[in-house]
Every structure is written in structure tokens, then in C-alpha cells.
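What follows is each chain in one-letter form.
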Amino acid sequence: MEHVCGHKPFWEANLTLYTELPDLPECFQLSVLSWIPCIYLWLVSPLYLFYLKRNNKGYIMMSILNRVKTVIGFVLWIVCWTDLFASFHEMKEKDIPPIYFITPLIVGMTMLLATFIIQFERLRGVQSSGVLFIFWTLSVLCAIVPFRSKIMHASKGEIEDKLRFTTFYVYFGLTLVELILSCFNEKPPLFSSMVTDPNPCPESAAGFLSRMTFWWFTSMAIKGYKSPLETKDLWSLNKQDSSEMVVPKLLREWEVEKSKTQSIEQDVNGQAVYSKAGPETNHVEVSPEEVEVLLSSQKDSHQPSFLRALLKAFGPYFLIGSGFKLLQDLITFINPQLLRMLIEFTKQTGAPSWWGFSLAFMMFGCALLQTLILHQHFQYCFVTGMRLRTAIIGAIYRKSLVITNEAKRSCTVGEVVNLMSVDAQRFMDLTTFLNMLWSAPLQIILALLFLWQTLGPSVLAGVAVMILLIPFNAVIAMKTRAYQVEQMQYKDARIKLMNEILNGMKVLKLYAWEVSFKEKVLQIRQKELNVLRKTAYLSALSTMAWTSAPFLVALTTFAVYVSVDKSNVLDAEKAFVSLSLFNILRFPLNMLPQVISSLVQASVSLKRIQEFLSHNELDPDNVDKKPAPSDYAVTVVNGKFSWAKKDPPALHNINVMVPQGSLLAVVGHVGCGKSSLVSALLGEMEKLEGHISIRGSVAYVPQQAWIQNATLRDNILFGRPYVEQKYRCVLEACALTPDLEVLPGGDLTEIGEKGINLSGGQRQRVSLARALYSEADVYLLDDPLSAVDAHVAKHIFDNVIGPEGALRGKTRLLVTHGISFLPQVDNIVVLVEGMVSEMGSYQDLLKQNGAFAEFLRNYSLEDIVEDDEVTEVLIDEEESFPDDALSNHTDMVDNEPAVNEARRQFMRQISIMSNDVENPKTKSIRKRRCSERRHGETPQEKKEPKVEKLIQAEAAETGRVKFKVYWEYTKAVGPLLSFFICFLYASQSAAAIGANIWLSQWTNDSRDAVTAQEKVHMRVGVYAALGIAQGILVMFSAFTLAMGKIQAARKLHQGLLDNKFHTPQAFFDTTPIGRIINRFSKDIYVIDEALPSTILMFLGTFFASVSTMIVIVSSTPIFAVVVVPLALVYFFVQVR
């Protein structure tokens, strides 16, 4: 640097450190201070420009703000190069040091780079630049020292170079203006969501400073302060956080992993087949069983990795948070060094006072910077956790829709619910502190390194203690993992049983089976709590070990330090700097076991999710959706189908060809495979042989109608646009118009979960209306007329399904038991034991005199045996019903006892057949009833009904948690036990206070080396006793808290279970089952696992804070004056 600076010195200690008016040499100012921002920008710009190239957010129009920043950038370049050209000019007159050429050149080129970045950011849609904000901040901070230095020289009249003096102040003013302008945002890019969204989240448009300080959230915080926040108050979700973006991202990576695994398996299978020929040449016999075992073991070793898919999908974003965590960890260790310097400063008598002020401000600045960086890290972790949970739930939900029937046998409903609620939540909880896996060892290593500098080799004793604790905690982690697997199995079984109970609650209440089923649930719950108790005791041991670890490390280190050498005296500097490092060590040592425990739980959940997502899916190519053009809409050639690949075929030798626009009826005895044929056409069965093709879109009406918890209109529209005329025609055709008069809100009446407030016939007709409204090309109707009364069935057939119905011209496949409709269909398929027995028209099948003719003759004989009295009874029943009988009172097939099903079915057949032969009496009665229904009411008397919501929105408490809630949990734990837990935590804090006070007394002995050496054994002994007492109290407090949490978990679950079994049936009719299941899965998980750990942290933090304040107030009483107002402000903010 001497050659670069010429005759001017680079560093002068007397000028800088040992004076009351410190200053830096001019060469240092021109080199180091000027180059720092330049080096930063040139190092960061390649990565930043690459990032901008890969992430284009749109195009921002040139604004006044952008123009001003660009012009100032060019002016700064001109100012810098003015100094450069001035130096060239001065070369002719005198010798100029190289620093006057190098610095203007570097700074000028850097200003051009900054100007280029300003424009490139505009083209890539960046509204606020963090990179340039840091650059301008560094430029201003580094220019403050020359700014002060030049003012000091000017006050003394020492201005030699007026040009550089002027250009510097122009440079300083312009960089300050650039810094101020960089705090403002550009306009949103053209066509961005910020422009189109009526309620956008301000985070996406927030500037760098606003993001770092979370200022963009201030408006929401103020709104929440004034009144409890509701869903309508929240901003729209950022697009990159929505499930629309997150779920496909994970699914893409998962598909990549599955394809890799499949290719590996194919290679392995190929090698196995190749090696199978080997035994013949080597004359070594290998049994087929051995080959099977070999293949299965190789297959098990190549499972698709869900963890790798998660890392690829969300790892890069999470790594940004990891970078913030690394910065925060490094800054953490600056404060102990500043503390060391501050203690040294207090010992020096002639040191300048500005040293102390500078150290204090630096400690404050480090703490402030550490806080900003740490919360940015948490922001990235929380967002990653939210995306993880969203993506996992979406992937599980999608998988549950497409898994094969064979996989459904092994995946219970309880398991799927737990996967989406408990297991997904564990991933979200883990991401918050996942970085501690590498951060904790890093902090431990750095702390031990600085401790080595302070106490020397004595710190190895502390390292030995930590190493001894590792196997102890490894055993605990292994046992905890085993218990987690067992606990999740019991949880799955409990949720599965609860799901079955809630679905069949009406039957349970009718037969008074509540007590027996409650006992079944409680038996599983007891097994789950036994495992939870073991896990809690292991966690208590782990907590004791790691809470005592920092103290044990400090104890062994101090004891060895003062024992190995008589000249080693524990003074204030060594003790308190070491204690600050031990306090830094405490957090990673405390967090590491919790992170390992969470990691163990998440690994169990990862395995469960991976196994579920690895199940086989239905092959979408089972059905050819885009066949070659032909006259047939549905074609099945040599079809052979089963419900699972290992099951025997349910359908075989199926050959069916349905012409375009025809009506095909599928008939046969119960269990012959009619519904299986429809499922095969939908692609829900395993295709073993043959070919299926369907031309056009498909609408499906299942045997058991599926109804959404929505209005009647929404159930019919099913997401399609509402067309009034078309909608009314559908209602009329499906005989739903009379129902609108009965329902309280017409077609806007809310339908309960599973259509609880509709009869069986009404549900079936809504399902049929949905299919009719969809205007599909092919209709698969699985016995839609079985749940409606005979005359309603005839109405639907005539107006919807039949040759003159609304679906004429469409391809229809009708599974039916109604023989009276068969003469009107185009073709009939007769199924017998999973095979097509006959196929043809009605007349052709009668002429063949086969199974179909025998089937009809049997029904005909029954019709002859029954006399006309049956018809008379039906007619009399019709006359006795009110006008809404068509829709409301005769559709109760599914609610009647099953014993009468056959008789009612047979009576329907006779009723329809009597209608077909034009029974005069019946026909006249029906006509009269229809006319009465149409003209019996006057329109002016009808009033607009008030629509009431059947399913009420879930109510959640807002604002401050009431004292009653805390008291209820305290009662569940036990008031005496709760008091004892608090007493133990207070005692452990008292032991910690005693240990710190004793240590401070110990450091006072350093004033007299002889006395200090005599008291070593006493000091070490008492310090050890206090620390061991603290460890024992921690263990007892953790054990008692574990006992209390198990007791509370048992009582609260049992109270919830008792309440639900004693709740009236009306509650279950108007409450979604998913909402109740969530209480038994997610909320019980919170009570079992999440809440106790929160209480543990609260008690530890509360008593640590109280003990710290007691120590400070006892040593510095004036501090109490500050504590009271701060406590009041904090309490006021928390309560409000």
C-alpha cells in the first residue's frame, strides 16, 4: 500500500486510536473506505444479474423516479471521472500517487454498473432493489468519515485541493439522494396481479426496507389492534404461495422421482432376467423362490424418495432463509468479543471516552442487525413450512382420488385424515427450526473456539461432557422414533373408528350402542396414552440432560481451569466473557434435542406419506378417450376386469358395442356384475385384457347419489354457468319442480352433508339433474330409478332417459331392474355371473327364448298371480297423499326397513305395467292430480321464502384467550399438580440465580491470589451443588409436567367423546363430519403434543425472565424504575 499511497501513510495509530479527536489517514479513506461498496457490488452483481435473467416479473414503464435515479447515476460517474481527469492533468506539474487514479476509475465504473442495474431491474419488473439499497447505504456510511475529516480540515483552513473537496461533497450529496430514492418503490409491472387484484397483499410490492422491517404488515397489525381480524380483512394470498402454484410444483418433482425409480427397477429386472440364465451354464440350481426374494429386495431398495422431491421443490427458497441464519450466527459471536473489549476498557484509566461509546453503539447495532436478520430467517422458514403443508395436503388429497381399489383396502379413512392433519403439520412445525441441525453444531464449535482463546485447553473438559451426552440422547431418539410409529398406528385406528361412528351415529343412537362404542374408542385411546407417557418420560430425560449440559460444561471447564495451574485465577473478564459464550451455547444445546425429536417425528410422517403416495394408481389409459371415428360411442372388446390385480376377474369375455345416440339397457340378477361393468367403463377397475373406448364426454349417475354440502342449485349446476331456461327444463324433466315448493328456500335451500335433508328419491333425482345439465355425450346411469316411486320412475324415463326424453340423441347405458321399460330401449345386454349372456333388441331376445325370456316369464307369472287389488291399493294410497307426494312422501325407499324392499320393488313393477296397458282408472286419477297440482295454488299468495343456512359457519374465539380456558386446562392437569409444577420451575430458576451469584463472588477472589487458591475447592463444590440441584429440579419438573399433560389429555378427550355421544342427532345432521373429525385429530394432537411443549417453553422463559430481573434489581435498584413502565406497556399491548 505504500507504493499505491505514495508519500502519504496508510495507517497511523496515534491519529486514529490514541486521541480524543480520532481521524483516518487520507490514503485509508481513498482506498479501503472507497473500495468497500465497490467490492460488494462487483461480487454480488453476477449472481444478481443471473437471478434477474431467470426471474422475469414483467416490464415496468419508465417513471420519473427511474429517470432521476438513472440521471444521478450518470452524474456520479462524471463526478468520479472528473477526479480522474484532474489527476491526469496534475501529472504534468507534480508526482501524483497511484491511489488518485485507481479509486476514481474503480468508483466510476461501479457507478456505471449501478446505473445499468437500475435499468435492467426495470426491464425485469423489480420494484425495489435490495442489492442497490445496500450498495448506496455502504457508500454513504463509508463517506461519512471523509465527510467529517474534510470538515475538520476546512475548519482549520487546510483545504489544499478545492476541486476534490467540491467533487467529494457533490458525490456525497448524490449518493445520499440515491439512498433516499431507493427507499421508494417503482410502479407494479404491466399486467401484474397487483394491478388486477382488488385486495393484493402489500408484501409483493413492498420495498426492501419495508420487507426487512416488516413495515408492510403495519396496517394489518393496526386493524387487528382495533378489532379482531376476520377472513374478509385478510389480503389475497400471494400467487406463489397459493395451492394452485405449490401443489403442482411438488407433484412434478414427485413424478420425476417415480419415473427415475421405475427406470431403475426396469434395469434391475432386466439384469435379474439376464442373470436367471446363468445357473444353467454354471450348473448351480437356483429356486424360483430365491429369484422372487432377490427381486423383491432389490425393489424395496429403490423406493421413490419423497424427501428428495420436497427438497427440489422447496429447497432453494428455504436456502435463502438458511443464508440469513448463517449471518445471524456469525453476528452472534461479535457481542462477546465487544464485551471483552468493554471490560478491558473499564480497566484502562487513560483510554479515550469515545472507545466506550463506540463499543456500546456497536453492541446495540449488532443486536439490532441480529434481530432483523433472524426474523427474515423465520419469515422464510414459516413461508416454506406453509408451502410444505399445503403441497403435502394437496398431494395426499389428489392421491386419495386415484389410488386403486386394492390400495384402498390398506389405506383407512383415519390414516388419510391423519396424513393430511397431523403428519403434514409436523413438516410445517419442523421447518421453523430445521436449520438448527447445522446451525447448532456451528454455534457450538465457534463457542468452544472462543472459549479456548479465553480459558485455554481447560475447555476440552467441557467438550468431553458434551460428547458423553451424545450417545445418551441417541438412544433416547431411537426409542422416541419407535414410540412415534406405534403412537401413529393407534391414532390412525382411533380416527378410523371415530369416522365410522360419526357416519353411523343415527344407527348407534337408535340401538343405544353409545356405551359399547365409547369403550372401544377409550381402549384405543388408553393404548395411545401409554405410548405418549413413555415418549414424555424420555423427553423429560432428554430435557434434563440438555438443560444441564451448559452448566456441566461451564462447571467442568472452570474447575479444570483453576485446578490445573495455581497461576490460573478466574477474574471478571474470563468468567463473564465465558458465561456469555456459555449462554450462546445454551440455545443450540437446548434446541438440538427438540429439533432431533421433531426430526424423528417428521421422519415417521415422511415414511407414512411416502408409502401412501407410492401406492398404485388407476391407469388413465384403461379407457381410450380418443378412439378412431366410428359409429359406436362405447366399445368393449374381449374385456376382462377385476377389482384388484390379485383378485379373480369380476367380469370376463365382455363384448359390448353401443351405437351413437342409442339407449342400451343392462339387466341381470343381483350381483351379476352390472355396476362393475359401469365401473369398468369409468376406468375404476383393473383391465386385465381387452380394449375399452368411449367417444366424447361422460356423465355418471351412481346408484348411491353423491350430494355436496351446498345449495340445491349449486348441486345441479356443479360449477357450470347458470342458464335459466335450460335449468328450468332440467328441473321439470327430473320431477324436481314440486320439490322446490316444499323446500323452505326453493332451489337456494342449503343441502346438508351427504344430502341429509333430502329423501333418497330426491337425492337420486338431483344426481340425475346434475348429469342432464352437464350435456355430456355419453351417459352411464347405474339404476337411477331404484330409489324413486313407480310413477316418478315412469315420468323420469319418459322425460329424460327414454326415446322421447331430453337425452334422445345421446348415448345412454342404463342399468335397471324395471322390466316395463325394456320394450322402449334400443338394445339389451343380459349379464350372468360376470359374462354377457345375451345381447340384442327386446323382440330378438324374446325369440331366442334364453335367459332373458326366462327372466321375463318369471316376472309375468308373478304379475298374473297378483290380482288387481294391488293396483287398487296403490291408487288409493296415491289419493290419500297430499299434492307433494310425487316428490316428498313416496321417496323414502332408503329410509325404510330392508325387509320390505323386495315387496316394494315388485309393487312398483306392477304399477308401471298397469300404466303401460292404459289402466283407465289410474290414468284418470294421475291426470286429475297433475291438473290440481298445476292450478291449485294462486301465484299472488306465494311469498319469497327466507333462506336459512343449514350448515352454520364454524365459530372460533377471537381476541384475548379468556381466563376460563386457562383454568379448564389447569383443572384437567390438576390444580395441585399445576402449582407443584410452577414451584419446581421457580426452584430451578432460584438454583440458577444462586449459581450465577456464587460465580460472581468467585470472580471477586481474583483480587487476592492466595485467598482465591485457598477457596478453590469450596467455590467449585458449592457451584457444582447448585448446578446439580438445578438439573435434578429440571428433571422432576419435566416428569411432573409429563404426568400432568397425560392426565389433561385423557380428561379432555374423554370429555369431548362423552359430549359427542350425548349430543342430539340434529347436531350431526347440520355439522360436517370433517369438522368433528378435526376436533378428534388435529385438536387432540395439539393437546397431546403441541400444547405441553408450549407450556414448557413458557414456564422456562417466564421464570428465567423473572429471575434475571430479580438479579438486576438486587444489584442495580434504579433498574426497577425502568422495569415497571416497560411491564405496563408490554401488558397493555398484549391485552389489547
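Residues numbered from 1 in each chain as written. Predicted model: local features only at pLDDT ≥ 70, side-chain atom pairs only at ≥ 80, totals over all residues. Heavy atoms only, no water.

Pairs of aromatic rings are described using the distance from one ring centre to the other and the angle between the two planes. Scanning the entire structure with this criterion turns up 30 aromatic pairs. Between Phe-133 and Phe-208, the aromatic rings sit 5.4 Å apart at their centres with planes inclined by 50°, giving tilted as the arrangement. Of the two residues, Phe-133 is situated in helix α6 (residues 130-155) and Phe-208 in helix α9 (residues 208-213); the sequence distance between them amounts to 75 residues. Given a relative accessible area of 12%, Phe-133 falls into the buried group. The interplanar angle of 15° and the centroid separation of 4.6 Å between the aromatic rings of Phe-797 and Phe-821 together place this pair among those described as stacked. Residue Phe-797 is located in helix α29 (residues 790-801), and its partner Phe-821 is located in the loop between β8 (811-815) and β9 (827-832); the two are separated by 24 residues in the primary sequence. Considered together, Phe-797 and Phe-821 belong to a single accessibility category, that of buried residues. In textbook terms, an aromatic cluster arises when at least three aromatic residues are bridged by ring pairs, as seen for Phe-147, Phe-165, Phe-168, Tyr-169 and Phe-172. The lysine or arginine in question, Arg-387, covers the ring of Tyr-317, its NZ or CZ lying 4.3 Å from the ring centre. (Phe/Tyr/Trp six-rings, centres within 6.5 Å; stacked < 30°, edge-to-face > 60°. Helix = DSSP H or I, 4+ residues; strand = E, 2+ residues; numbered from the N terminus. Buried < 20%, exposed > 50% of the residue type's maximum accessible area, 1.4 Å probe, protein only. Lys NZ or Arg CZ within 6 Å of the ring centre and 35° of its normal.)

Turning to the confidence of the model for the protein chain, a few remarks are in order. Of all residues in the protein chain, 84% attain a pLDDT of 70 or more, and the chain-wide mean is 80. For the protein chain, helix α34 (residues 920-935) is the element with the lowest average pLDDT, namely 35, and strand β6 (residues 698-701) is the one with the highest, namely 92. Residue range residues 272-300 is modelled with pLDDT below 50. Its contacts to residues more than four positions away, or to other chains, number seven contacts. Counting contacts from residues 862-946, a segment whose pLDDT is below 50, to residues more than four positions away or on other chains yields 100 contacts. (pLDDT = per-residue confidence, 0-100. Contact = heavy atoms within 4.5 Å.)

Moving on: helix α24 (residues 674-681). With seven of eight residues buried, α24 lies mostly within the body of the structure. Regarding α24, the residues found buried are Lys-674, Ser-676, Leu-677, Val-678, Ser-679, Ala-680 and Leu-681. Just downstream of α24 lies Gly-683, where phi reads positive at about 85°.

Here we take up the sheet that holds strand β1 (residues 623-624). Strand order in the open sheet made by the four strands is β1-β5-β2-β3, with mixed pairing throughout. The open sheet has two free edges, formed respectively by β1 and β3 (651-659), since each of these has just one partner strand. Relative to strand β5 (residues 686-694), strand β2 (residues 632-642) runs antiparallel, the two sharing seven bridges. The partner of Thr-635 across the bridge, within β5, is Ser-693. Packed on one face of the sheet, α24 meets β1, β2, β3 and β5 and runs near 70° to β3. (Pairing = 2+ DSSP bridges. Axes fitted to C-alpha atoms, helices over the stretch in contact; angles between N-to-C directions.)

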